[in-house]
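# Close look at the chain arrangement
Residues per chain are reported as follows:
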Amino acid sequence: MMYYTHLAFGILVSLFSITFFNINNKYIFILVAVMFSIFPDIDEKKSKIGRENKIISTIINFMFGHRGFIHSIYIPLILYLVFYYINKEIGVAVLTGYFSHLFMDALTKQGIRPLAPLINKKINGLIKTNSLLEKTFFLIIILLILYLLLVSL
Ligand SMILES: [Zn+2]
């Protein structure tokens, strides 16, 4: 998935989470969730976040590869536990953003290995990254965000 699809989906899931978890600091919640909805692609040098953090991205890619450990469920769960003790809402935001990324990547043909490197079973869908189908998804997500913002006014 392209970074902007992850970003849009991160916002959409944040809006649902704010209501669901009764979040007080809404803007900080969205900001943190959106950051973590893009973060996992740090393991790919050619991704937007990878290009912006070339050295870190190269090291992480060398160590774990793309869509390996960094795209597993272990990292968000560890980050959640760490952030939860600092601030409960930040912890939930990290989890929301990270899982929104993993969910969207699981819909792509390339898929993810959510339990890597312990278990290498892959889950994947049918969407090709940067295809018309992804762009259609992106558009639907944007429309849903606008709808949610309008009804909340
Ligand atoms: Zn990814």
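Everything below is about the structure printed above this text.
Summary of the structure given here. (Residues numbered from 1 in each chain as written. Predicted model: local features only at pLDDT ≥ 70, side-chain atom pairs only at ≥ 80, totals over all residues. Heavy atoms only, no water.)

### Looking at unusual backbone geometry
Filter applied, for reference: A run of DSSP states H or I qualifies as a helix once it reaches four residues; a run of E qualifies as a strand once it reaches two. Both are numbered from the N-terminal end.
The linkage connecting Ala116 with the following residue, Pro117, adopts the cis geometry, with an omega of 5°. In this model, Asn22 sits at a positive phi of 55°, which is unusual for a non-glycine residue. With respect to the helices and strands, Asn22 occurs in the loop between α1 (3–20) and α2 (26–38). The phi dihedral of Asn130 is positive, around 65°, even though this residue is not glycine. On the secondary structure map, Asn130 appears in the loop between α6 (88–106) and α7 (132–151).

### Structural notes on the pattern of salt bridges
As a reminder, the rule being used: Here, a salt bridge means any Lys or Arg side-chain nitrogen found within 4 Å of an Asp or Glu carboxyl oxygen. The cut-offs for exposure are 20% and 50% of the maximum accessible area for each residue type, with area from a 1.4 Å probe on protein chains only; residues under the lower value are buried, those over the upper are exposed, and the others partly exposed.
Considering all chains together, one arrives at 2 salt bridges under this definition. Between Glu52 and Lys48 there is a salt bridge, and its shortest N-O distance comes to 3.3 Å. Of this pair, Glu52 and Lys48 both sit in helix α3 (residues 48–52), 4 residues apart, which is roughly one turn of that helix. Among the residues examined, Glu52 registers a relative accessible area of 54% and is labelled exposed. A salt bridge links Asp105 to Arg67, with the shortest nitrogen-to-oxygen separation between them at 3.2 Å. Separated by 38 residues along the polypeptide, Asp105 in helix α6 and Arg67 in the loop between α4 (54–64) and α5 (74–86) bring together distant segments of the chain. Each member of the pair, Asp105 as well as Arg67, is classed as buried.

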